[in-house]
Amino acid sequence: MIKIISFEKELFEARIIKRERRFFVEFVDKKTSMQAIQQGKYESLLAHTNNTGSMLGLIQKGRFILLSTSDNPKRKLAYTLEAICIDEKLKETYQNNSEKISPWLGVNTSIPNKFLQALFLQNAHYAYKLLPFAKDFTEIKMEAKNGESRLDACLWSKEHDQKLWIECKNVSMVEYDSAAFPDAVSERGQKHLETLMRLKKEGNRCAMFYVVQRTDANCFMPAEFIDPLYTEKLLQAYKEGVEIYTVIANVQKDGIYWGDYLPLAPCYFN
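Along each chain, residue indices are assigned from 1 in the same order as the chain's sequence is written. Only residues with pLDDT of at least 70 get local features here, since the model is predicted, and only at 80 or more are side-chain atom pairs given and counted; chain-wide, interface and lining totals rely on the full set of residues. Here the side-chain values reflect all heavy atoms present in the structure, with hydrogen atoms and water set aside.

**Examining the state of the cysteines**
Operational definition: The term disulfide is used for any two cysteine sulfur atoms that are within 2.5 Å. Only protein chains enter the accessibility calculation, which uses a 1.4 Å probe. A residue is then buried if its area is under 20% of the maximum for its type, exposed if over 50%, and partly exposed in between.
Counting across every chain of the model gives zero disulfides. The thiol of C154 is not disulfide-bonded; the next cysteine sulfur, from C206, is found 8.8 Å away. The class for C154 is buried, based on a relative accessible area of 1%.

Right, here's the structure in full:
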């Protein structure tokens, strides 16, 4: 497999207790038994999470998680929640880096931007198979501004006569074997789609880039049952020429690996 992002330190396992407010999770050592957890006989620590979504169905007491560690003395918390185990049986049997499947679901919402940037920088080396739609572009600018709007990335051609505006999203939910976004009503996401449609009408190429940090999906669909307005705007954007790409990011303890593209669900995109 192709490693796209390497972690400075290998992620370590723990068990989650609960989500504490919006930006924190309580966790215990991975060796803590479920019996001790149920009885409240444990010593816990807090980790930061940058995922403001609902993480619907993922936060279950005692579930295994992966955490990263920071040596930055300015941080209030040394640990960050990176991934949650969604298949404990698979976790017990799989060999790290040896399979295309993974028991881990990545929940760090800063990864999609980093993943896109890393794919772009490695694209030519892999004969443009990582981002085939970006073959004609030679520069990337992250957090790119357009007027009062800001999008996750803008690609430029060598002569600066072509632009490709990209908005990245992290996908953590799978329903009926389909990766689905969003997992909570997303007014911000709706505004991003409106911006892309405007830029498209102005003559630019525009794309949504969904990064699915799990390996158990067969296609991608909008989560109409969560946010019907987002679904409506996404399908409108697609009809107006906004490109949609969905790529699997295979999260493992030492890094994040290339997992190929997912097709769009034909019941929505035809």
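**Digging into helix 5 (residues 228-239)**
To keep things clear, this is the line we draw: A run of DSSP states H or I qualifies as a helix once it reaches four residues; a run of E qualifies as a strand once it reaches two. Both are numbered from the N-terminal end. Expected span of a helix, by definition, is 1.5 Å for each gap between consecutive residues, and there is one gap fewer than residues. In what follows, residue pairs with any heavy atoms lying within 4.5 Å of each other are defined as contacts.
Between the first and last C-alpha of helix 5 there are 17 Å, a value that for 12 residues agrees with the 16 Å anticipated at 1.5 Å per step. All of the buried residues along helix 5 are Y230, T231, K233, L234, L235 and A237. Close packing links the buried residues of helix 5 with strand 12 (178-181), helix 4 (187-201), strand 13 (205-212), strand 14 (219-222) and strand 15 (243-252). Downstream of helix 5 by a residue or two, G241 has a phi angle that is positive, lying close to 105°.

**Regarding the nonpolar core**
The nonpolar side chains of a soluble globular protein tend to be buried, and buried together. Filter applied, for reference: Put simply, buried Ala, Val, Leu, Ile, Met, Phe, Trp, Tyr and Cys residues joined by side-chain atoms within 4.5 Å make one nonpolar core.
Residues I4, F115, I166 and F209 are the most contacted members of the largest nonpolar core, which totals 39 residues. With six residues, helix 3 (residues 111-123) is the single largest residue contributor to this core. Aside from chain neighbours lying at most four places away, what touches I4 is F115, A118, L119, Q122, L130, I256, Y257 and W258. Counting 27 residues, the second-largest nonpolar core is a separate cluster that includes C206, A237, V242 and I244.

**Quick word on the side chain of K233**
What counts, and what does not: Residues adjacent in sequence count toward polar contacts only when both atoms are side-chain atoms; beyond that, a polar contact is any pair of N or O atoms within 3.5 Å, and within protein one must be able to donate a hydrogen and the other to accept it.
You can see K233 is positioned in helix 5. You can call K233 buried: its relative accessible area is 15%. Side chain to side chain, K233 and E194 meet in a polar contact 2.8 Å long. Contacts of K233, omitting those with residues within four sequence positions, involve Q190, L193, E194 and M197.

**Quick notes on the sheet that holds strand 12**
Worth spelling out the cut-off: Being paired, for any two strands, means DSSP has found at least two bridges between them. For helices, the fitted axis covers only the stretch in contact; all axes are lines through C-alpha atoms, and the angles between them, taken along N-to-C directions, range from 0 to 180 degrees.
The sheet built from three strands is open, its strands ordered 11-12-14 with mixed pairing. Each of the sheet's edge strands pairs with one partner strand only, and the pair in question is strand 11 (173-175) and strand 14. Recorded for the sheet is a direction-independent mean angle of 40° between the axes of neighbouring strands. By the bridge criterion, four bridges tie strand 12 to strand 14 in an arrangement that is parallel. Of the residues in strand 14, the one forming a bridge with A180 is M221.

**Here we look at the pairing of strand 9 (residues 149-157)**
In terms of strand pairing, strand 8 (residues 137-146) meets strand 9 through eight bridges, oriented antiparallel. Its bridge partner lying in strand 9, K141 is registered against C154. Counted between consecutive antiparallel strands, the loop separating strand 8 from strand 9 contains two residues, among which G147 sits at a positive phi close to 65°. Across four bridges, strand 9 lies against strand 10 (residues 163-171) in antiparallel orientation.

**Brief notes about the sheet that holds strand 13**
The strand order across the open sheet formed by seven strands is 1-16-15-13-10-9-8, and the pairing between neighbours is mixed. At either margin of the open sheet sits one strand with a lone partner, and together these are strand 1 (3-6) and strand 8. Here the average twist between neighbouring strands, direction ignored, is 30°. In this sheet, strand 15 lies alongside strand 13 in parallel orientation, the contact comprising six bridges.

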